[in-house]
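Close look at the chain arrangement
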Amino acid sequence: MSDATSRALSLPLRLERAAIRGFSRLPRPVIERLAATAPVNRDGERLAPEVAAALSVLNRIPGSDFSTKPLHVARRQIEEEAMVFADTHPPFAVEEDLLIPTPHGVIPATRYRAKAGESRGLVVYFHGGGWVLGSRVSTDSAVRFLALHAGVDVLSVDYRLAPEHPFPAAIEDGLAAWDFAVGQAPVWGLDTGSIVVAGDSAGGNISAVLALALRGAAVEPCLQLLFFPVTDLSTKHPSYEEFRDGFFLTERQMDWYRERYLADAADALDPRASPLLAEDLSGAAPAYVAVAGFDPLRDEGIAYARRLEEAGVPTELAREGDLIHAFINITGVSPSAYDATLRAAQAVEKAVG
């Protein structure tokens with residue numbers, strides 16, 4: 001991040017940046033001593049020391065909860081926070097801005113390829129942010145990581161956001177983006193049999209729903225990559241109580257998201273909003289489901305992975321027990337997050353062959 005960009009950040013975010021970057025530069029033994037009292041969850045997993053140390057500072061910074069702010073301010077904050085946590089990457093061979101046609105108009109997207117002439121497949125990626133916040137900017141670092149370490153193209157999609165465009169607008173845009181990717185893959189020199197659908201949090205929800213909707217389609221995903229996905233908006237699983245506050249994503253923020261995404265509370269029972277409630281998950285694409293040990297969404301992610309397994313879907317559940325929600329966005333400052341995201345990239349590399 002340039003000095004000019006740093007000066008443009010609000011005071012709370014500048015403090016966040018200083019705290020995160022400062023802790024990331026400390027020797028590992030020092031971090032471990034500072035975080036000797038790191039929380040342990042009910043499963044006996046201890047929070048990564050660098051994450052615990054950073055949270056101890058971040059939770060004391062006033063004005064950092066976006067759910068207390070006007071929508072346009074919250075959206076700007078998410079963009080700025082991406083600057084705080086972003087990893088750095090060299091320029092990519094392909095960084096192509098695109099417009100995807102949909103029945104409701106065009107939506108923006110960016111295609112990334114790390115190295116010229118080298119790509120094993122394509123990942124269609126949907127960002128997190130509760131269907132209300134987030135964009136290609138906020139997920140830039142994470143998708144670059146996948147493109148680089150999995151050796152694939154990544155198509156990062158800006159679907160329509162709520163509350164201006166409530167459920168099921170994001171799902172409709174997701175399906176349009178999939179169709180676009182399938183049509184463009186040969187143009188980009190890619191095999192349509194090597195396309196992954198992926199996303200984090202709300203984007204993981206979109207990806208899970210697409211993997212169900214695309215069963216029997218002419219081209220199906222070869223993998224659904226779900227990072228800490230929302231799978232059940234109809235109820236709160238026990239991890240909501242355990243991690244209600246203090247671990248980055250809060251119960252209050254999830255309530256804020258839900259209220260804006262669902263124009264009708266009854267929509268929470270629709271499997272397109274809550275894929276965990278789908279009657280039959282059989283025939284969905286093979287899955288890699290990564291959940292964080294200190295995340296309100298942990299239990300519904302685990303429940304979804306188990307249901308996929310019970311339905312006969314090849315599923316790998318990656319329990320990243322020492323991490324928090326959105327860990328794919330802090331690979332530049334957390335060795336644990338880097339390793340967890342690298343494992344997911346390796347799963348993509350294997351799936352696309």
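The structure contained in this document is the topic of the report that follows. Going along each chain's sequence as written, the residues are numbered from 1 onward. Whole-chain, interface and lining totals are the exception, using all residues; otherwise, since this is a predicted model, local features are given only for residues with pLDDT of at least 70 and side-chain atom pairs are given and counted only at 80 or more. For side-chain calculations, the full set of non-hydrogen atoms in the structure is used, while hydrogens and water are omitted.

1. Description of the overall build of the chain
- Counting secondary structure elements, the chain contains 12 helices and eight strands.
- Taken across its 353 residues, the chain has 58% of its residues classed as buried.
- Across the chain, contacts joining residues at least 24 apart in sequence account for 77% of those joining residues at least 6 apart.
- Calculation of accessible area relied on Shrake-Rupley with a 1.4 Å probe; when residues are assessed, cover is drawn exclusively from the protein chains displayed. Summed over its atoms, the accessible surface of the chain is roughly 13900 Å², and 52% of this surface lies on carbon and sulfur atoms.
- By the counting rule applied here, Lys and Arg register as positive and Asp and Glu as negative, while His and the ends of each chain are not counted. Here the site of a charge means atom NZ of a Lys, CZ of an Arg, CG of an Asp or CD of a Glu. The averaged location of the 47 negative side-chain charges in the chain is 6 Å from the averaged location of its 33 positive side-chain charges. Strands are runs of DSSP state E lasting at least 2 residues, helices are runs of H or I lasting at least 4, and numbering of each runs from the N terminus. Think of it in three bands: with a 1.4 Å probe and only protein chains considered, a residue is buried below 20% of the maximum accessible area for its type, exposed above 50%, and partly exposed in between. Residues are treated as being in contact if the distance between any of their heavy atoms lies within 4.5 Å.

2. Quick notes on the pairing of strand 7 (residues 287-294)
- Among the eight residues that make up strand 7, eight are buried, leaving the element largely enclosed by the rest of the structure.
- Bridge count between strand 6 (residues 223-227) and strand 7: four bridges; the pairing is parallel. Note on strand 7: the bridge partner recorded for Leu225 is Tyr288.
- In the classification by handedness, the crossover that spans strand 7, the intervening helix 11 (residues 298-310) and the parallel strand 8 (residues 315-324) is right-handed. Note: two strands are recorded as paired if DSSP finds a minimum of 2 bridges between them. Look down the strands so they point away from you; if the path from the first strand over the helix to the second goes clockwise, the crossover is right-handed.

3. Describing helix 4 (residues 49-58)
- Across the 10 residues that make up helix 4, a large majority, eight, are buried.
- Pro49, Glu50, Val51, Ala52, Ala53, Ala54, Leu55 and Leu58 are the residues of helix 4 that are buried.

4. What to know about the packing of helix 7 (residues 169-184) against helix 8 (residues 202-213)
- Lines fitted to C-alpha atoms define the axes here, with helix axes fitted over just the stretch in contact, and angles between the N-to-C directions of these axes take values from 0 to 180 degrees. The N-to-C vectors of helix 7 and helix 8 enclose an angle of 65 degrees; their axes lie 10 Å apart at closest approach. Considering only the axes of helix 7 and helix 8, their crossing is right-handed. Every residue of helix 8 that contacts helix 7 at Ala170, Ile171, Gly174, Leu175 and Trp178 is listed here: Asn205, Ile206, Val209, Leu210 and Ala213.
- Note on residue categories: nonpolar means Ala, Val, Leu, Ile, Met, Phe, Trp, Tyr, Cys or Pro, charged means Asp, Glu, Lys or Arg, and polar means any other residue, Gly included. Taken together, the residues of the contact of helix 7 with helix 8 sort by class into eight nonpolar, two polar and no charged. By convention the crossing between two helices is left-handed if the near helix lies anticlockwise of the far one by an angle smaller than a right angle, and right-handed if it lies clockwise.

5. Points about the environment of Pro29
- Position of Pro29 relative to the elements: it lies in helix 3 (residues 28-34).
- Assessed through its relative accessible area of 47%, Pro29 is described here as partly exposed.
- As a C-alpha pair, Pro29 and Phe145 span 116 residues in sequence and 27 Å in three-dimensional space.

6. Brief notes about the pairing of strand 4 (residues 153-157)
- In terms of burial, strand 4 is a largely internal element, five of the five residues being buried.
- Of the two faces of strand 4, the one holding Asp153, Leu155 and Val157 and the one holding Val154 and Ser156 are both buried throughout.
- Of the pairings in the sheet, the one linking strand 2 (residues 105-113) to strand 4 comprises four bridges and is antiparallel in character. Paired with Ala109 across the bridge in strand 4 is Val157.
- Of the pairings in the sheet, the one linking strand 3 (residues 122-126) to strand 4 comprises five bridges and is parallel in character. Directly across from Tyr125, in strand 4, lies its bridge partner Ser156.
- Traced from strand 3 through helix 6 (residues 140-150) to strand 4, the parallel crossover comes out right-handed.

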